[in-house]
Amino acid sequence: WRMLVTPVLTSLAIACVAAMSTFILASFVQLNAFLIYVWGECMDKQVRQEAAAMGKDCLSPQFKHGFIGFLAEVGVHVAVAILFGGVVGAASMSLTAALAAFRNFKWEHERQRFMYLISLIFQGLSRVGMLAFIGFVFLPAWAGHASDLPTVQRCGSNMDYKIC
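### A look at the confidence of the model for the protein
Model confidence for the protein is summarised by a mean pLDDT of 77, while 77% of its residues fall at 70 or above. Per-element averaging of pLDDT across the protein places helix α6 (residues 151-155) at the bottom with 51 and helix α3 (residues 62-65) at the top with 88.

Have a look at this one:
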């Protein structure tokens, strides 16, 4: 029964890790958007006009808050790197150790190979999941030439249609 249950548990574990990674990345994307558009007030028309008058774009909280905004933005990126570099790596290794225990390997090198392979899959899914999430959420839909449409119709389906 172990040989039957292990592939199912492995598939469920991979799906859970992918979902967890996607949720964590979505949270950090939302935090970044909050820092830029709410705390940094880049949605405010007056702030955007101030930036345009200076020949800049309001693309980060650094425009409104200066060095503190820069530290906040960098802090989010450092937190993502630490989380995915350390925490997800440690979680995937402990999860693969639990999955390897179900297989009851006869030789240690087979158990280690299984653990490293599944851990590699977890790490790859977390990295590729990040790029896929960012790509699918922020990539606009492919359509005809956008200049032919009014602004609301051009940008209404995007998450950031108010900026457009």
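### Topic: helix α4 (residues 67-103)
Taking 1.5 Å as the rise per residue, α4 with 37 residues should run 54 Å; its terminal C-alpha atoms sit 53 Å apart, in good agreement. Roughly 30° is the biggest bend found in α4, and it falls at leucine 83. For α4, the full list of buried residues reads Gly69, Glu73, Val76, Val80, Leu83, Phe84, Val88, Gly89, Ser92, Thr96, Leu99 and Ala100. Directly after α4, the chain includes asparagine 104, whose backbone phi takes a positive value near 55°.

### Structural notes on the environment of lysine 56
Within the secondary structure, lysine 56 is located in the loop between α2 (45-53) and α3. Here lysine 56 is in contact with Ala51 and Phe63, once residues within four sequence places are set aside.

### Regarding the environment of arginine 103
Counting through the fold element by element, arginine 103 comes out in helix α4. Between the C-alpha atom of arginine 103 and that of phenylalanine 114, which follows or precedes it by eleven residues, the distance is 9.5 Å.

### Quick word on a nonpolar patch on the surface
On the surface, Phe67, Ile68, Phe70, Leu71, Val74, Val78 and Ile82 cluster together into a nonpolar patch covering about 640 Å² of accessible area. Tracing the sequence through the fold places valine 78 in helix α4. For valine 78, a relative accessible area of 42% gives the class partly exposed.

### Quick notes on the packing of aromatic side chains
Counted by the stated rule, this structure contains two aromatic pairs. Here the aromatic rings of phenylalanine 105 and phenylalanine 114 are separated by 5.4 Å at their centres, their planes lie at 50°, and the arrangement is tilted. Given a relative accessible area of 12%, phenylalanine 114 falls into the buried group.

### A word on the state of the cysteines
Counted by the stated rule, this structure contains one disulfide. With its sulfur 1.9 Å from that of its partner, cysteine 42 forms a disulfide with cysteine 58. Handedness here is read from the sign of the S-S torsion; for cysteine 42 and cysteine 58, about -70°, the answer is left-handed. Highlighted residues: cysteine 42 in the loop between α1 (2-39) and α2 and cysteine 58 in the loop between α2 and α3, separated in sequence by 16 residues. In this structure cysteine 42 comes out as buried when scored by relative accessible area, which is 3%. The class of cysteine 58 is buried, set by a relative accessible area of 10%.

Each value, and the rule that gives it
Every chain begins its residue count from 1, and numbering advances along the sequence as written. Per-residue local features are limited, in this predicted model, to residues with pLDDT of at least 70; the limit for side-chain atom pairs, both in listing and counting, is 80 or more; totals at the level of whole chains, interfaces and linings are taken over all residues. To obtain the side-chain values, all non-hydrogen atoms of the structure were used and water was disregarded. Confidence of the predictor at the level of single residues is given by pLDDT, which spans 0 to 100. Counting from the N terminus, the helices are the DSSP runs of H or I reaching at least four residues and the strands are the DSSP runs of E reaching at least two. One less than the number of residues in a helix, times 1.5 Å, gives the span that helix is expected to have. What the bend at a residue measures is the angle between two axes, fitted to the seven residues ending there and to the seven starting there. Relative accessibility thresholds used throughout: buried, under 20% of the residue-type maximum; exposed, over 50%; partly exposed, between the two (1.4 Å probe, protein chains only). In what follows, residue pairs with any heavy atoms lying within 4.5 Å of each other are defined as contacts. Surface patches are drawn from residues lacking salt bridges whose relative accessible area is over 30%; two like charges belong together within 9 Å, two nonpolar side chains (Val, Leu, Ile, Met, Phe, Trp, Tyr) within 5 Å. To be clear on the numbers: accessible area is Shrake-Rupley with a 1.4 Å probe, and residue cover counts the displayed protein chains and nothing else. The salt bridge definition used is simple: a Lys or Arg side-chain nitrogen within 4 Å of an Asp or Glu carboxyl oxygen. We call Phe, Tyr and Trp rings a pair once their centres come within 6.5 Å, taking the six-membered ring for Trp, and we label the pair stacked below 30 degrees between planes, edge-to-face above 60, and tilted otherwise. Cysteine sulfur atoms are paired as a disulfide whenever they fall within 2.5 Å.

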